[in-house]
Each structure stands twice: as structure tokens, then as C-alpha cells.
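Fold and geometry: a report
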Amino acid sequence: MNLKEEKRNDITICKLEGEITINNSAELRKAFDLIIKRNEKKVLADFTAVSYIDSSGLATLIEMFQRLKKIGGRLRFYGLDQKIKNIFEVTKLHKLFDICDTQESALKDL
Amino acid sequence: MNFSERIFSRLELIPDCIEKLIKKIKHLSLAEEELFDIKLCLQEALVNAVKHGNKFDTNLEVECSIEVLDDRLTIQVKDQGAGFDEQAVPCPAHTENLTKTSGRGVYLIKKLMDEVKYFDRGSGVKMTKFINKENSREPKRREA
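These remarks concern the structure in this document. (Residues numbered from 1 in each chain as written. Chains lettered and ligands numbered in written order. Predicted model: local features only at pLDDT ≥ 70, side-chain atom pairs only at ≥ 80, totals over all residues. Heavy atoms only, no water.)

Within the structure shown, the criterion is met by 8 aromatic pairs over all chains. With centroids separated by 5.6 Å and ring planes inclined at 70°, the aromatic side chains of tyrosine 52 of chain A and phenylalanine 36 of chain B adopt a geometry described as edge-to-face. Taken together, the residues span two chains, with tyrosine 52 of chain A in strand β3 (residues 42–53) and phenylalanine 36 of chain B in helix α2 (residues 32–53). Note on accessibility: tyrosine 52 of chain A and phenylalanine 36 of chain B belong to one class, buried. Taking 5.4 Å as the distance between ring centres and 90° as the angle between the ring planes, the aromatic pair formed by phenylalanine 84 of chain B and tyrosine 118 of chain B counts as edge-to-face. Highlighted residues: phenylalanine 84 of chain B in the loop between β3 (72–78) and α3 (104–112) and tyrosine 118 of chain B in strand β4 (residues 115–119), separated in sequence by 34 residues. When its relative accessible area of 33% is taken as the criterion, phenylalanine 84 of chain B is described as partly exposed. Put simply, the rings of Phe47, Phe65, Phe77, Phe88 and Phe97 of chain A touch in pairs and so form one group of aromatic residues. (Phe/Tyr/Trp six-rings, centres within 6.5 Å; stacked < 30°, edge-to-face > 60°. Helix = DSSP H or I, 4+ residues; strand = E, 2+ residues; numbered from the N terminus. Buried < 20%, exposed > 50% of the residue type's maximum accessible area, 1.4 Å probe, protein only.)

Here it is, written out as C-alpha cells:
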């Protein structure tokens, strides 16, 4: 998994790439820790290049969602591949997370 | 067709084990989505076996075997731990459990595979995916 960050005004865009699994979710958690430490409250997770996610990856996203919520922040997702969208739906996490169709609508929503 | 892989209880050994197993079933005419589900369920079962079953004891092993028949693919993952009661795992899809960070692996296996059975007090799981489209239970995933 690779993660690149980009700033768009007060929004932090996390461009994730590859497979998010138990073998790299600690790395993702560390990146999220830094975002929280910098007090960045608007986060957009760009899933365009994510090919796979397991339950540990999902748990890391839930943690980030909760941490942002606690400080009055927001987390939005966009660019989910249909197979990953299905995983969000099967686990009902699409009810918890805000998943947007385009980057534009996600940015607007934040 | 039968084949199996055996690994010691180290998480870093899982990706290679999955890759070897997936390579052996790639010739089957599985839909991309089916292959994705199988890979994910293999991952979840192996992680549960290493983490919860063998409790990261690197002296203990996890065995994974796959049997391919004309209409189905059956995966068996067995650890050397004390087992667990899968009925006792709270459903992570219930509204009150959505923010829980555990139990989702067992749930995903139940939802993405067509038949799932735990054996030896839960230290083993046998999961089947029907690969003949007529027997497939694809709607199950949408009903989740």
C-alpha cells in the first residue's frame, strides 16, 4: 500500500494505492495519526487506486472516522471500485461512511 | 483437484501463501468478483487462524487446503488453537456494532461464501463457493 497526501485548501486528500490489509494497516494508522496531530479535520480518502481491502483495513478506517468525529472533523470517500463498494455494502459500512461518486462532490461535501 | 499450503503463525507469511493458492485456481473460469471474494475469505480465515487461533505462536502452524470440484471450490483452514464459538461473535453489521473494529472477518466469510462450517470447536473452517453459475448464490451478497 502507498499513501500520498495532497492539500486542497483546508482539505487533506489521502491518495491510497494498492492493497490495504493487516500487513500494512499499522502504516495507514500512523499516517492518520499525523493528520489528527496536525489538527486537520477534513479528510478525503481517495480509493481510486485501491485494489483490495480486508477487515483490518476496514477497522483502521473506522478508527479514523471515529477519531475525526470526536474532534468535529469529517471523513469522505470516493473512487471506490465496484468490488470494494460491495464490501462496504455487505458490512453495512456504507451506512456509517459517506461515500461520494466523484472527487468534486466529495470536496463539496466536506 | 486438491492442493494445500502450510504456514507458521506469522502474518507476513500470509500474502505469499494466498498468492500460491490463488495461482492454482486462476485457470478456473471464475468471475473477477468471485476471485476477489475467495481471496478475501482466504485472507480473513488465515488471519483469524494466526491471530485468534494460534495466538501468534510461531511454533504453531496453519494448514490451508483447497478442493476443486466441477461445481464448487471448498477451502479448509485449520489452526492448532483451542477454537472459538463463532455464534458468540457479535454481528458487526448491526447498527449498534458498526463502529466495532472486530468480528468483521468471520462476518465477511459468512456473507461472501456460499456455505461455511466451523469444526473442531472452531479451530477449523470449511468454506465453499459454488462455481457453477446455476448453483451460485450471488444474490446473497446483495441481501446482506
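From this point, things continue past the structure.
For the rest of this paragraph, the subject is α2 of chain B. Residue and element names in this part refer to chain B. Helix length check: α2 (22 residues) gives 30 Å between terminal C-alpha atoms against 32 Å at 1.5 Å per residue, within 8%. Within α2, 17 of the 22 residues are buried, leaving the element largely enclosed by the surrounding structure. Phi turns positive one or two residues past the end of α2, at lysine 55, with a value near 45°. (Expected span 1.5 Å × (residues − 1).)

Residue and element names in this part refer to chain A. A rise of 1.5 Å per residue sets the reference length of helix α1 (residues 25–37), with its 13 residues, at 18 Å; its end C-alpha atoms lie 18 Å apart and thus fit the reference within 8%. All of the buried residues in α1 are Ser25, Leu28, Ala31, Phe32, Ile35 and Ile36. Each buried residue of α1 lies within a common arc of 145° when the element is viewed along its axis, so the set occupies one face. For α1, the exposed residues lying more than 90 degrees away from the buried face are Lys30 and Lys37. Next to the buried residues of α1 lie β1 (2–8), β2 (11–20), β3 and α2 (55–70). Asparagine 39 sits one or two positions beyond α1 and adopts a positive phi of about 60°. (Arc of directions from axis to C-beta. Contact = heavy atoms within 4.5 Å.)

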